Amino acid sequence: MFLISSFQPEPSVEFEGYCWQGTDLIVGPEGAEEYRRIRQREVTFDNDGCYVLVKRRARGWTVGTDSRGLARLFLYEAGNRWAVSSSLTELVEHLRSHGVILSTRPELLRPFGERGAFTSQITTSETYISGIRLVPSFSRISLSADGPELHHAEQPLAESYESALSHYLSTWRSRVMTLLDDERVSVSADLSGGLDSRTVLAFLLSTGEFDTRRKRFRLASSRDKQDDLRAASTIADHYGLELNGHQATAGSPRDDAGSMGHWERNSLGVYLPLYLNNQTFNAFQFQAHGAGGGNFRPHFKDSSIEDRINRYKRRIDSDEHSRWLDTTLSDMETLQRWRPLTPIMVLHYREFRNRFHFGHNPHRRAMLTPLNSSMTDQLTDGPTGVSARQFYFDTMESLSPGLKDLPYDSPEKSPDDDVRRSITRAEVADLAPGRIYGTSPGHQVTSHHAQSSPYAAWLEAAGRATTNADVREFLGPDASIRCDEALTQVARAERPLGSHHRATLDLSHALLVEFALGQRPAL
């Protein structure tokens, strides 16, 4: 994990993660060095991917991430003390190890107890630990003897929708070809009955190379959702693809301690659902995924942030609710000054939900997610932008004509007459594929846990948290009882409960509170 501070003024790493630069894929510090040596170019900030990049300056450093901020940066600043890390837990542990006393903001911790998509992760740039904030996805940090200073990238504008669409489609089609042309790479594509995964499939189909008869490629759909499976089967049959066929080659197993450590550093304290990563990162095993649609279409249907937060007014102490609301509104006002063309609810989704709900995935495995590209901002934001629905169908029709017309899981998702009349068929340039730089499996996190399985380690930690008197006091009697019931339910279950199961979320909430209150043992 990346870390630098006034206590440790040299960065722990200078490149962490993976990024697309043009049509080349750069993986890990070895890949960044290989790219510099062969291409005689430097890796830059704000590319698509999931990475932290550090550049030395005359008087310090500049730190930034990928364009969506999936490799999140947390900044602590108080007086002449400062610290930056890609992990909230690692940042807090580092500060406490140097004698920094951290206090908790209950009004920003309490919302995690409310179940739902809006409160499953951090909801403001200001975190529940005083002095620590989440750096906006479009910002960089300059570090010098004077301390940290944020710099915000300008909101990009397109000259025209059609030219921006052509650039986006051409670039990402070539990136897909970079992967499909490399015999070392396997790609497993998800397909539901909706728009997101179908649009991603259009990129694969447009290459003419995605053939599920080859063991490197797989098309998968959930067998538990019959409407999704029916639509996906129709599409697969139409294009001669096998659905839910052979399994892609599994990655190297991560040791149990490493799995728990990975969760602690990437999800503890920032995201409630439980995903324990039991495989090391492999740059040659990609999952094609429809994540990112919420970045340009409203996921939360409320008319304003205030309306959304007021949903919880009756269940949260009025003073804490008021402070949560004021902090969030102030934060969103600041964010929108830097992104004035983005609708407020979409902007909130980009800065929080997308970076943690989907955002845990690219920390676990290599993801192919064209819809999570910042290039889509120029297509849907601002005066030249179009509706999200129009963008989906324009993309499909430009890449794989006719795909948009095959059945969906529900009829209302099909293009209507207005969409059909407005279709833009953009030119898709036949760009040369790039290459992959860096071949190591990536950095493996170690931990002091030695339990027989990561899930057992997690349950043991949850059991300890639920018996902590300070945790129970903060949770209150009702939530504490739910945690006790959750432990009983888990003990009776024949297999681990789901990542989003109510009992899982209750126990994850207790662990989060234990961490926030400074009660958790060092990682």
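Just so you know, these numbers come straight off a predicted model, no measurement behind them.

Caption draft 1: Representation of the overall build of the chain within the structure. Within the chain one finds 18 helices and 15 strands. By the compact-globule yardstick of 24 Å for 523 residues, the chain fits well, its C-alpha radius of gyration being 23 Å. For the chain, the spread of C-alpha atoms along the three principal axes comes to 60 × 60 × 45 Å. Out of the 523 residues belonging to the chain, those deemed buried represent 59%. For the chain, restricting intrachain contacts to residue pairs at least 6 apart in sequence, the fraction spanning at least 24 positions comes to 73%. Taken as a whole, the chain presents about 21,500 Å² of accessible surface, with 47% of it coming from carbon and sulfur.

Caption draft 2: View of the sheet that holds strand β7 (residues 81-85). Sheet architecture is open: four strands sit in the order β1-β7-β6-β8, paired in antiparallel fashion. Of all the strands in the sheet, the pair left with one neighbour each is β1 (3-5) and β8 (132-134). Direction aside, neighbouring strands of the sheet carry axes that sit 15° apart on average. Bridging between strand β6 (residues 74-78) and β7 involves five bridges; their strand directions are antiparallel. By the bridge assignment, Glu77 is partnered in β7 with Trp82.

Caption draft 3: Local environment of the sheet that holds strand β13 (residues 285-288). In spatial order, the strands read β12-β11-β13-β14; together these four strands make up an open sheet with parallel pairing. The open sheet has two free edges, formed respectively by β12 (217-220) and β14 (366-368), since each of these has just one partner strand. The average undirected angle you get between the axes of adjacent strands in this sheet is 25°. Its contacts with the sheet put helix α4 (residues 161-180) on β11 (186-190), β12, β13 and β14, and the angle it makes with β14 is roughly 135°. Seen against the sheet, helix α5 (residues 196-207) touches β11, β12, β13 and β14 and runs at an angle of roughly 145° to β11.

Caption draft 4: Structural detail: unusual backbone geometry. The residue Gln40 is not glycine, and still its phi comes out positive at about 60°. For Gln40, the location among the structural elements is in the loop between α1 (28-39) and β4 (48-57). Positive phi values are uncommon outside glycine, yet Asp46 reaches one of about 65°. Looking at the secondary structure, you find Asp46 in the loop between α1 and β4. Taking relative accessible area as the criterion, Asp46 reaches 24% and is therefore assigned partly exposed.

Caption draft 5: Fine view of the nonpolar core. By size, the foremost hydrophobic cluster in this structure holds 78 residues, and its most contacted members are Val84, Tyr168, Val187, Leu204 and Phe210. With sequence-adjacent residues up to four places away left out, Leu204 is seen in contact with Val176, Leu180, Val187, Ala189, Phe210, Ala288 and Leu368. Core analysis: the second largest hydrophobic core is formed by 65 residues, Ala83, Leu268, Phe356 and Ala479 among them.

Caption draft 6: Highlighting the environment of Leu335. Checked against the element boundaries, Leu335 lands in helix α9 (residues 318-338). Among the residues examined, Leu335 registers a relative accessible area of 1% and is labelled buried. Put simply, Leu335 and Gly147 are 188 residues apart on the chain and 22 Å apart in space, counted from C-alpha to C-alpha.

Caption draft 7: Region of interest: the environment of Met260. Tracing the sequence through the fold places Met260 in helix α7 (residues 256-266). The class for Met260 is buried, based on a relative accessible area of 0%. Residues Met260 and Gly518, 258 residues apart in the sequence, show an inter-C-alpha distance of 19 Å.

Caption draft 8: Representation of α5 within the structure. Counting buried positions over the twelve residues of α5 gives twelve, a clear majority of the element. All of the buried residues along α5 are Asp196, Ser197, Arg198, Thr199, Val200, Leu201, Ala202, Phe203, Leu204, Leu205, Ser206 and Thr207. Downstream of α5 by one or two residues, Gly208 has phi in the positive range, about 70°.

Caption draft 9: Layout of the packing of helix α15 (residues 454-466) against helix α17 (residues 477-492). Their axes nearest at 10 Å, the elements α15 and α17 cross at an angle of 150°. Here α15 is positioned roughly antiparallel relative to α17, judged by the angle of their axes. By crossing handedness, the relation of α15 to α17 is classed as left-handed. Along the contact surface, α15 presents Tyr455, Leu459, Gly463 and Thr466, while α17 presents Cys483, Leu487 and Val490.

Caption draft 10: Representation of the pattern of salt bridges. Applying the stated criterion across every chain, the model contains 45 salt bridges. With its nearest N and O atoms 3.0 Å apart, the salt bridge here joins Arg323 to Glu107. Here Arg323 is found in helix α9, whereas its partner Glu107 is found in helix α3 (residues 106-109), with 216 residues between them in sequence. Overall, the relative accessible area of 33% leaves Arg323 in the partly exposed class. Among the ionic contacts, a cluster of salt bridges with common partners joins Glu90, Glu264, Arg265, Arg464, Glu514 and Arg520.

Cut-offs used in this document
Residues numbered from 1 in each chain as written. Predicted model: local features only at pLDDT ≥ 70, side-chain atom pairs only at ≥ 80, totals over all residues. Heavy atoms only, no water. Helix = DSSP H or I, 4+ residues; strand = E, 2+ residues; numbered from the N terminus. Rg over C-alpha atoms; globule rule 2.2 N^0.38 Å. Buried < 20%, exposed > 50% of the residue type's maximum accessible area, 1.4 Å probe, protein only. Contact = heavy atoms within 4.5 Å. Areas by Shrake-Rupley, 256 points an atom, 1.4 Å probe, with all protein chains shown as cover. Pairing = 2+ DSSP bridges. Axes fitted to C-alpha atoms, helices over the stretch in contact; angles between N-to-C directions. Core = buried A, V, L, I, M, F, W, Y, C linked by side-chain atoms within 4.5 Å. Parallel < 35°, antiparallel > 145°, perpendicular 65-115°, else oblique. Left-handed = near helix turned anticlockwise from the far one by under 90°. Salt bridge = Lys/Arg side-chain N within 4 Å of Asp/Glu carboxyl O.

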